[in-house]
Every structure is written in structure tokens, then in C-alpha cells.
Amino acid sequence: MGRAGAVRARSAVGPARPVAPLLRVLAVVAATLALGHWAAGPVTRAEAAATAAAARWCGLTSARQLPGTDLVHGFHGHQPFFIRISPSCSALTVAAACAGVSLLVLGGSLRRRLVGAAAAAALFTAANLARLVAVLWVGQDYGIPTMVGFHDWGGTLWSYLMLLLAVLLMVALRIERRAGEAS
């Protein structure tokens with residue numbers, strides 16, 4: 001029992017500064033929402049243009065951007081359909097949230113945090129563009145009801161998978177290799 005006096009009492013509440021991590025998370029949420037509100041218009045217009053260009057590059061030759069964030073996609077034998085790239089379809093808020101988490105919540109050097117933010121945002125933006133083109137493709141091949149179902153269910157699952165991969169990428173970029181390990 002001589003060692004009992006050497007053991008320091010631990011607080012059952014948690015770390016000594018539990019407010020700081022919470023404030024960083026709240027700052028990420030606030031910045032993400034503000035950015036999403038402020039930049040939604042220009043970003044969704046750019047995403048609509050990129051989606052139309054990528055769709056044509058993938059062989060969907062009748063996909064076109066209309067003024068603003070609307071796309072029209074017409075195909076033989078069917079009525080053309082219109083798609084609006086809304087802020088909820090945009091990669092902006094999730095990419096901004098990933099960047100905020102990388103910069104403010106996860107640890108590591110500034111260089112690693114910046115690389116993680118850029119890599120996660122680029123991954124999610126590219127994956128979202130692929131999702132939007134896939135929605136157009138499904139609409140062309142299977143019709144509008146199937147396209148809507150694919151957008152709602154397949155797109156949601158795809159987005160969650162890409163978010164998981166973005167988070168894993170951000171964490172993986174923080175793992176430092178030890179000098180003695182060979183890769």
C-alpha cells in the first residue's frame with residue numbers, strides 16, 4: 001500500500017480543457033454553414049457547368065447547362081428533363097467541413113493539415129461530380145423515375161462512402177512513417 005500515495009487522483013469528468021475541442025468543432029460547423037450560404041450560388045453554377053462538360057465527355061452529348069444552376073438533358077425518344085444543382089447537391093459544404101476538420105480538429109503539422117484538407121476536398125468534389133454524371137446517365141438509360149430513385153438512394157450512399165473515404169484519407173495523411181520502417 002506504499003504506492004497508493006504516489007497515484008494521482010483522476011478526474012471522472014474528462015480532460016482538463018474539454019471546452020477547446022468542442023469550440024473547434026463548433027467553429028467548423030459555423031464556418032461550413034456560413035461558407036455554404038455565402039458561396040452556394042457561384043459554386044453550384046460552376047458545378048453545373050462541370051457536370052454538363054463531364055457528361056458530354058462521358059458520351060451524354062445532349063447534356064447542357066442552362067443559365068444559372070440548371071441542366072437540361074434530352075435524349076432520343078424521350079422528353080428532355082431538367083436538373084437543378086442545388087446547394088444540397090453540391091460538394092461545397094461537405095468539402096468545406098472536411099477541410100475544417102482537417103485544419104481545426106485533427107492534429108498534426110500545419111503542412112499535414114493543409115494537405116489533408118486539400119486532398120479530402122478534392123476527393124469529395126471529384127466523387128460528387130461523378131455522382132452527378134451518373135444520375136444523368138441513369139436518367140438517360142432508365143427514365144426519370146429511376147433517376148430520381150438513384151439520386152435519392154444511390155447518391156446518398158455514394159456520398160456517405162466518399163465522406164468516409166475522405167475522413168480516412170485525412171487521418172492516413174497524418175500518420176508519420178517511422179525512420180526504421182521500410183515501405
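These numbers were taken from a predicted model, which means no experiment stands behind them.

1. Digging into the overall build of the protein
Part 1 of the reasoning: Assigned secondary structure in the protein consists of four helices and three strands.
Part 2 of the reasoning: Counted from the first residue to the last, the protein has its helices and strands arranged as α-β-β-β-α-α-α.
Part 3 of the reasoning: When the 183 residues of the protein are sorted by exposure, 31% land in the buried category.
Part 4 of the reasoning: As displayed, the protein offers around 11800 Å² of accessible surface, 68% of which is attributable to carbon and sulfur atoms.

2. Details of helix α2 (residues 92-105)
Part 1 of the reasoning: A rise of 1.5 Å per residue sets the reference length of α2, with its 14 residues, at 20 Å; its end C-alpha atoms lie 19 Å apart and thus fit the reference within 8%.
Part 2 of the reasoning: The set of residues buried in α2 consists of Leu-92, Ala-95, Ala-96, Cys-98, Ala-99, Gly-100 and Ser-102.

3. Considering the nonpolar core
Part 1 of the reasoning: Core analysis: the largest hydrophobic core is formed by 16 residues, its most contacted members being Ala-55, Leu-71, Ile-83, Ile-85 and Leu-136.
Part 2 of the reasoning: Counting only elements with at least two residues in this core, the list comes to α1 (19-57), β3 (81-84) and α3 (110-142).
Part 3 of the reasoning: Beyond its immediate stretch of four places on either side in the chain, Ala-55 contacts Leu-60, Ala-63, Val-133 and Leu-136.

4. A few points about the sheet that holds strand β2 (residues 70-73)
Part 1 of the reasoning: The antiparallel open sheet is built from three strands, whose spatial order is β1-β2-β3. At either end of the open sheet lies a strand with only one pairing partner, and these are β1 (63-65) and β3. The mean angle between the axes of side-by-side strands here comes to 25 degrees, regardless of whether they run parallel or antiparallel.
Part 2 of the reasoning: Taken together, the four bridges between β2 and β3 define a ladder with antiparallel strand orientation. Bridged to Val-72 within β3 is Phe-82.
Part 3 of the reasoning: Set on the sheet, α3 makes contact with β1, β2 and β3; between it and β3 the angle comes to about 165 degrees.

5. Describing the environment of Ala-48
Part 1 of the reasoning: Along the chain, Ala-48 falls in helix α1.
Part 2 of the reasoning: Its relative accessible area of 0% is what places Ala-48 among the buried residues.
Part 3 of the reasoning: Spatially, the C-alpha atoms of Ala-48 and Ile-83 are 9.2 Å apart, while their sequence positions differ by 35 residues.
Part 4 of the reasoning: Not counting residues within four places of it along the chain, the set of residues in contact with Ala-48 comprises Gln-65, Gly-68, Thr-69, Leu-71 and Ile-85.

6. Considerations on a nonpolar patch on the surface
Part 1 of the reasoning: A surface patch of nonpolar side chains, about 390 Å² in accessible area, is lined by Val-25, Val-29, Leu-33, Leu-104 and Val-105.
Part 2 of the reasoning: The set of elements that each furnish at least two residues to the nonpolar patch consists of α1 and α2.
Part 3 of the reasoning: The biggest single contributor to the nonpolar patch is α1, with three residues.
Part 4 of the reasoning: Among the secondary structure elements, Leu-33 is positioned in helix α1.

7. Quick notes on the side chain of Asn-128
Part 1 of the reasoning: Following the sequence through the fold, Asn-128 ends up in helix α3.
Part 2 of the reasoning: The exposure class assigned to Asn-128 is buried, which follows from its relative accessible area of 4%.
Part 3 of the reasoning: Beyond its immediate chain neighbours, meaning those up to four positions away, Asn-128 contacts Glu-47, Cys-89, Ser-90 and Ala-91.

Conventions and cut-offs
Residues numbered from 1 in each chain as written. Predicted model: local features only at pLDDT ≥ 70, side-chain atom pairs only at ≥ 80, totals over all residues. Heavy atoms only, no water. Helix = DSSP H or I, 4+ residues; strand = E, 2+ residues; numbered from the N terminus. Buried < 20%, exposed > 50% of the residue type's maximum accessible area, 1.4 Å probe, protein only. Areas by Shrake-Rupley, 256 points an atom, 1.4 Å probe, with all protein chains shown as cover. Expected span 1.5 Å × (residues − 1). Core = buried A, V, L, I, M, F, W, Y, C linked by side-chain atoms within 4.5 Å. Contact = heavy atoms within 4.5 Å. Pairing = 2+ DSSP bridges. Axes fitted to C-alpha atoms, helices over the stretch in contact; angles between N-to-C directions. Patch = residues over 30% accessible without salt bridge, like charges linked within 9 Å, V, L, I, M, F, W, Y side chains within 5 Å. Salt bridge = Lys/Arg side-chain N within 4 Å of Asp/Glu carboxyl O.

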